[in-house]
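The primary structure of each chain is shown beneath.
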Amino acid sequence: MHIAYTLITSLFLNFGVSSCTGMSSTELVNVATEVQKGNEIATFAGGCFWCTEAVFERVNGVKNVVSGYTGGKEKNPTYEDVSYGRSTHAEAIQIYYDPKVISYQELLEIFFYTHDPTQVNRQGPDVGTQYRTEVFYHDDNQKKLATDYISKLNQSGDYNRPIATKVTDYTEFWLAEDYHQNYYELNPGNPYIINVAIPKVNKLKKHFPSYVKKKYASEK
């Protein structure tokens, strides 16, 4: 196991991904596998990661989504550090997707539609810089697509306020503790999931029905 873990850690470092102490070895292996398969990566922050993870898990072409922390300077951030505003990180998700099935542009469109990109340092009931809206680009193409799309949204007249989403160079992603992964599926009765996360998932299904994986199409 030590050799396998060392290999996984090496792969993560190449992609700027690090593990918090609470992350299980199973999830580490799953994410490392996605990296090796040649899938591309998108990194978004749009409020609580329980919601954004659930939305993108349901999108065709998305192979895996993990929750974590990024955009800050602290090493080994914990949920308590981030959620209580004791760090400069944002709650975020890392998306591993097949570009032959879904494009980065399409992921951007889903991201912006399923959260409020005009809110500054908050998302609904969650307030603080840790809940900011931000796109972390992995290359110049992602940067251009994100900045161009924000310009398009600002010119569209669809919003009463300017888009607040930042576009930032990706550096490192810290995987959140194990109990945060797949939180939506594992905690269906949680009041936050019922009142905040489910409406966001429903926005995906209503506005982008052709993007939803078949196994989730009839989900209540």
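So, the overall build of the protein
Helix and strand counts for the protein come out as 8 helices and 9 strands. The buried share among the 220 residues of the protein stands at 51%. Of the contacts formed within the protein by residues at least 6 apart in sequence, a portion of 77% connects residues at least 24 apart. For the protein, the accessible area works out to roughly 10,600 Å², and carbon and sulfur atoms hold 52% of it.

What about empty space enclosed by the protein?
Tallying each qualifying case throughout the model produces 1 cavity of 30 Å³ or more. Approximately 30 Å³ is the volume found for the largest cavity. Its residues assigned to classes, the lining of the largest cavity shows 3 nonpolar, 3 polar and 1 charged.

Let's talk about the pattern of salt bridges
The final tally for this structure, using the stated rule, is 8 salt bridges. Put simply, Glu 219 and Lys 205 hold a salt bridge, and the shortest N to O gap is 2.6 Å. Note that Glu 219 is positioned in the segment after α8 (191-207) and Lys 205 in helix α8, a separation of 14 residues in sequence.

Quick word on unusual backbone geometry
Among all residues except glycine, the phi angle is most often negative; among peptide bonds, the trans geometry is most common. Phi is positive for Asn 76, which is not a glycine, with a value near 50°. One can find Asn 76 in the loop between β3 (62-70) and α4 (79-83). One non-glycine residue, Asn 182, adopts positive backbone phi at about 55°. Inspection of the secondary structure assignment puts Asn 182 in the loop between β9 (173-175) and α7 (183-186). Using a relative accessible area of 30% as the deciding quantity, one classes Asn 182 as partly exposed.

Description of the packing of aromatic side chains
Applying the stated criterion across every chain yields a total of 11 aromatic pairs. Summarising the aromatic geometry, the rings of Phe 44 and Tyr 104 are spaced 6.1 Å apart at their centres and angled 45° between planes, so their arrangement reads as tilted. Of the two residues, Phe 44 sits in strand β2 (residues 40-46) while Tyr 104 sits in helix α5 (residues 104-113), which places them 60 residues apart along the sequence. Here Phe 44 and Tyr 104 have matching classes, each one buried. Between Phe 44 and Phe 111, the ring centres sit 4.5 Å apart and the planes meet at 20°, which makes this aromatic pair stacked.

Regarding the nonpolar core
Grouped together as the largest cluster of nonpolar side chains are 45 residues, with contacts concentrated most on Phe 44, Phe 56, Ile 95, Ile 110 and Phe 112. If we ignore the near neighbours within four places in the chain, the residues touching Ile 95 are Glu 40, Ile 41, Ala 42, Phe 44, Phe 56, Val 62, Asn 64 and Val 65. Of all hydrophobic cores here, the second largest spans 10 residues; its members include Ala 45, Ala 92, Tyr 96 and Phe 136.

Here we look at the packing of helix α3 (residues 49-57) against α8
Interaxial distance between α3 and α8 falls to 9 Å at its minimum, and their mutual angle equals 35°. As α3 runs across α8, the sense of the crossing is right-handed. Contact residues: Trp 50, Cys 51, Ala 54 and Val 55 in α3; Tyr 192, Ile 193, Val 196, Ala 197, Lys 200, Val 201 and Leu 204 in α8. Taken together, the residues that form the contact of α3 with α8 break down as 10 nonpolar, no polar and 1 charged.

Overview of the environment of Tyr 137
As for its position among the elements, Tyr 137 is in strand β7 (residues 133-137). Sequence separation between Tyr 137 and Val 167 is 30 residues; the distance between their C-alpha atoms is 7.0 Å. For Tyr 137, the residues in contact, after removing those within four places along its chain, are Gln 142, Lys 143, Val 167, Thr 168, Asp 169 and Tyr 170.

Topic: α3
Most of α3 sits inside the fold, with 9 of its 9 residues counted as buried. For α3, every residue scored as buried is listed here: Phe 49, Trp 50, Cys 51, Thr 52, Glu 53, Ala 54, Val 55, Phe 56 and Glu 57.

Some remarks on the pairing of β3
Taken across its 9 residues, β3 has 8 buried, putting it largely inside the fold. Bridging between β3 and strand β4 (residues 90-97) involves 8 bridges; their strand directions are antiparallel. Residue Val 66 lies in a different strand from β4, and its bridge partner there is Gln 94. Two strands pair when backbone bridges link them, and β3 and β9 are joined in this way by 3 bridges, in the antiparallel orientation. Along β9, the bridge assignment pairs Gly 68 with Leu 175.

Here is what the cut-offs are and how they apply
- Residues numbered from 1 in each chain as written.
- Predicted model: local features only at pLDDT ≥ 70, side-chain atom pairs only at ≥ 80, totals over all residues.
- Heavy atoms only, no water.
- Helix = DSSP H or I, 4+ residues; strand = E, 2+ residues; numbered from the N terminus.
- Buried < 20%, exposed > 50% of the residue type's maximum accessible area, 1.4 Å probe, protein only.
- Contact = heavy atoms within 4.5 Å.
- Areas by Shrake-Rupley, 256 points an atom, 1.4 Å probe, with all protein chains shown as cover.
- 1 Å grid on protein atoms, 1.4 Å probe; cavity = no way out; pocket = protein on both sides within 12 Å on 5 of 7 lines; lining within 4 Å.
- Points joined across faces, edges and corners; volume = space filled by probe spheres on them.
- Nonpolar A, V, L, I, M, F, W, Y, C, P; charged D, E, K, R; others polar.
- Salt bridge = Lys/Arg side-chain N within 4 Å of Asp/Glu carboxyl O.
- Phe/Tyr/Trp six-rings, centres within 6.5 Å; stacked < 30°, edge-to-face > 60°.
- Core = buried A, V, L, I, M, F, W, Y, C linked by side-chain atoms within 4.5 Å.
- Axes fitted to C-alpha atoms, helices over the stretch in contact; angles between N-to-C directions.
- Left-handed = near helix turned anticlockwise from the far one by under 90°.
- Pairing = 2+ DSSP bridges.

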